[in-house]
There are 2 protein chains.
Amino acid sequence: MRTTAQNAELALLLEVAGTPKPGNVDRRREYDDLQFEHFLAGAVGARPGLEMVAEGEPLGESFRRAIEGMAEQRGGNTQFGALLLQLPLVAAAGAEDGPLSPETATAVVESTTVADAAGFYRAFEAVDVAVDDPPEDMAALDVRRGSDAVPALEERGLTLADVMARSADRDGVAREWVRGFERTFAAAESIESGDPGRPVADRAADAFLELLAAEVDTFVVTQHDRATAERATERAQAALDGDVDTEALAEEFVAEDVNPGTTADIVAAALFVALERGLEV
Amino acid sequence: MRTTAQNAELALLLEVAGTPKPGNVDRRREYDDLQFEHFLAGAVGARPGLEMVAEGEPLGESFRRAIEGMAEQRGGNTQFGALLLQLPLVAAAGAEDGPLSPETATAVVESTTVADAAGFYRAFEAVDVAVDDPPEDMAALDVRRGSDAVPALEERGLTLADVMARSADRDGVAREWVRGFERTFAAAESIESGDPGRPVADRAADAFLELLAAEVDTFVVTQHDRATAERATERAQAALDGDVDTEALAEEFVAEDVNPGTTADIVAAALFVALERGLEV
């Protein structure tokens, strides 16, 4: 039996392996500066942080450790958002307060502390993460400030759940944190119910396309703008409808530099849920 | 910094990812019953055994644990030989009796015990490994007997090094054990000196081709016969000489069901050596 941390690491690996996954690195597509093997090293490096949170260590400090380990390769940010989304789920699965569910994961979110928020901010020092400028009243809490923002967090008494709630309108990962991991669990069901003869990683790539067709990717909004993100979602729907070949769409997104990374983050978390519920690889 | 066990796991992942690697699973080629993701799960599953040996636990018991974890996926045997070749190297790297070298690894080999041999035999119970019939005087020591062979091992007082020495003429992994990991360290140098702009995994695939061109793969001998293995080696040399395209050779080997697995095992061990010596991913 794989441990909870092993399932989390394997989920990261399966997510990046799944193909075709238009706009993102998969086992058949990579970029000169962000290669498939950077994700392999990132997932292996994240493992000690995943073990910490599975064993009940504080979530923020575990996240910082996971990201520092993830960042020990030359590709930069590989799966920051995936880890952020996995962590409360891993904590819930490790705690054995009941089976992993939207409720037990939400209980973890609600129990986060100001110290967890500080760990989250410190994690940004290990890696460059593409984020938008925060609203003006949040400037002191710009994540890019890293640990410099910790006094402001402490002054305002903001927990990690509070920080996520403040980003939920702009960030698809934060939205999952505050909305009971709704899309994550739905995607897990989609992967579980896929063709058992098809590789799990590729069933996860199917789920990626369904998620992208259903909702705009907030990373694409950050990376480009809302119109580009909406168009990406329309194109994903066209692929689902069979109006465009998914492999061709992958080439199209690469050419346009459209990388739906938040959608991939949700798939990585969904894979973890599915593995914890017994999905066989 | 990755730990020794993390480097060993990452080496397993990089080995399977490397492409093109004629005849074996890589990130662009897989079989219906042996898929890329089985190797991902196998490497993640092997990690606890790798941690054990890195921390100084007995080699045989660590190997058994690594193989049991590796086998927890639906593809069957993914990297048995790679782990067998990695284990003395991981033990040597973990022990810090000096830098990892042919000498420190050979000292580990020479220190193996009868109990280590028993652990090695027990590992065969977790997974089907393709092996030839042993010579007649070795029938009691057929690895396929698993723990049933342990009394014979104990009666004859055979250490794991003794067992490997008895297989060295037929098995390329055992030969590395008894010959100071000569090909492994040479392949590590080849990977280290490859084009830094090329993915490490693909530099490892280049090393695979060089190794195969230089010496017949003993797994292909077991799987088919010596003539087939010699022909595979000639074809690898032709690919190195530019007389056949490596991608075409990959299709050719798949069609002929030629899987140079022992050569891949050496590459996995070489990647571990290179990572331990500081190769960056």
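Residues numbered from 1 in each chain as written. Chains lettered and ligands numbered in written order. Predicted model: local features only at pLDDT ≥ 70, side-chain atom pairs only at ≥ 80, totals over all residues. Heavy atoms only, no water.

A. Representation of unusual backbone geometry within the structure. Residue and element names in this part refer to chain A. Of note, the bond from Thr19 into Pro20 is cis; its omega dihedral lies within 30 degrees of zero at -5°. Position of Pro20 relative to the elements: it lies in the loop between helix 1 (4–17) and helix 2 (36–54). Despite not being glycine, Phe181 has its phi angle at roughly 55°, a positive value. On the secondary structure map, Phe181 appears in the loop between helix 9 (172–178) and helix 10 (182–192). Given the relative accessible area of 0%, Phe181 is considered buried. (Helix = DSSP H or I, 4+ residues; strand = E, 2+ residues; numbered from the N terminus. Buried < 20%, exposed > 50% of the residue type's maximum accessible area, 1.4 Å probe, protein only.)

B. Structural view of the interface of chain A and chain B. Facing the 32 residues of chain A at the interface are 32 residues of chain B. Summing both partners gives a buried area of about 2900 Å² for chain A against chain B, and 49% of it is carried by carbon and sulfur. Here chain A and chain B share four salt bridges between them. Between Glu30(B) and Arg27(A) there is a salt bridge; the shortest N-O distance is 2.7 Å. Across the chain A-chain B interface, the total number found is 16 residue pairs in polar contact (both at pLDDT 80 or more). Mapped onto the side of chain A that touches chain B, the elements with two or more residues apiece are helix 1, helix 2 and helix 11 (200–214) of chain A. Looking at the side of chain A that touches chain B, the element that brings in the most residues is helix 2 of chain A, giving ten residues. Residue classes in the side of chain A that touches chain B are distributed as 15 nonpolar, six polar and eleven charged. (Contact = heavy atoms within 4.5 Å. Buried area = accessible area lost by both parts, 1.4 Å probe. Salt bridge = Lys/Arg side-chain N within 4 Å of Asp/Glu carboxyl O. Polar contact = N/O pair within 3.5 Å; in protein donor to acceptor, adjacent residues only side chain to side chain. Nonpolar A, V, L, I, M, F, W, Y, C, P; charged D, E, K, R; others polar.)

C. Structural view of the packing of helix 2 (residues 36–54) of chain B against helix 4 (residues 80–95) of chain B. Residues and elements named next belong to chain B. One way to put it is that helix 2 packs onto helix 4 with a least axis distance of 8 Å and a crossing angle of 40°. In terms of orientation, helix 2 and helix 4 fall into the oblique class. The interaxial crossing formed by helix 2 with helix 4 has right-handed handedness. Note on element contacts: helix 4 touches helix 2 through Leu83, Gln86, Leu87, Val90, Ala91 and Gly94, opposite Ala46, Leu50, Val53 and Ala54. Per-class residue counts for the contact of helix 2 with helix 4 are eight nonpolar, two polar and no charged. (Axes fitted to C-alpha atoms, helices over the stretch in contact; angles between N-to-C directions. Parallel < 35°, antiparallel > 145°, perpendicular 65-115°, else oblique. Left-handed = near helix turned anticlockwise from the far one by under 90°.)

D. Region of interest: the relation of the copies chain A and chain B. For the pair chain A and chain B, the relating rotation is 180°, the translation along its axis is 0.0 Å, and the fit reaches an RMSD of 0.0 Å. Classification of the inter-copy transformation places it as that of a two-fold axis. Within chain A, Arg27(A) has its C-alpha nearest the rotation axis, a separation of 2.7 Å. In this assembly, 100% of the residues forming the interface of chain A have copies in chain B that are likewise at the interface, indicating an isologous arrangement. (Least-squares fit on C-alpha atoms with pLDDT ≥ 70 in both.)

E. Region of interest: the packing of aromatic side chains. Considering all chains together, one arrives at eleven aromatic pairs over all chains under this definition. An angle of 55° between the planes, with centres 4.8 Å apart, marks the rings of Phe80(A) and Phe124(A) as tilted. Here Phe124(A) lies in the loop between helix 6 (114–123) and helix 7 (150–156) and Phe80(A) lies in helix 4 (residues 80–95), a separation of 44 residues in the sequence. Overall, Phe80(A) belongs to the buried group, its relative accessible area being 5%. Classification of Phe124(A) by relative accessible area gives buried; the value is 11%. Both rings, one in Phe120(B) and one in Tyr121(B), keep their centres 5.8 Å apart while their planes meet at 85°; by these two values the pair is edge-to-face. We note that Phe120(B), like Tyr121(B), is buried. Linked through ring pairs, Phe63(A), Phe80(A), Phe120(A), Tyr121(A) and Phe124(A) together constitute an aromatic cluster. (Phe/Tyr/Trp six-rings, centres within 6.5 Å; stacked < 30°, edge-to-face > 60°.)

F. Spatial organisation of the packing of helix 6 of chain A against helix 8 (residues 160–167) of chain A. All names here are of chain A. Closest axis-to-axis distance for the helix 6/helix 8 pair is 7 Å, and the angle between their directions is 60°. Accordingly, the angle class assigned to the pair helix 6 and helix 8 is oblique. Counted together, Asp116, Ala117, Phe120 and Tyr121 of helix 6 and Leu160, Val163 and Met164 of helix 8 form the full contact between these two elements. Tallied by class, the residues present in the contact of helix 6 with helix 8 amount to six nonpolar, no polar and one charged.

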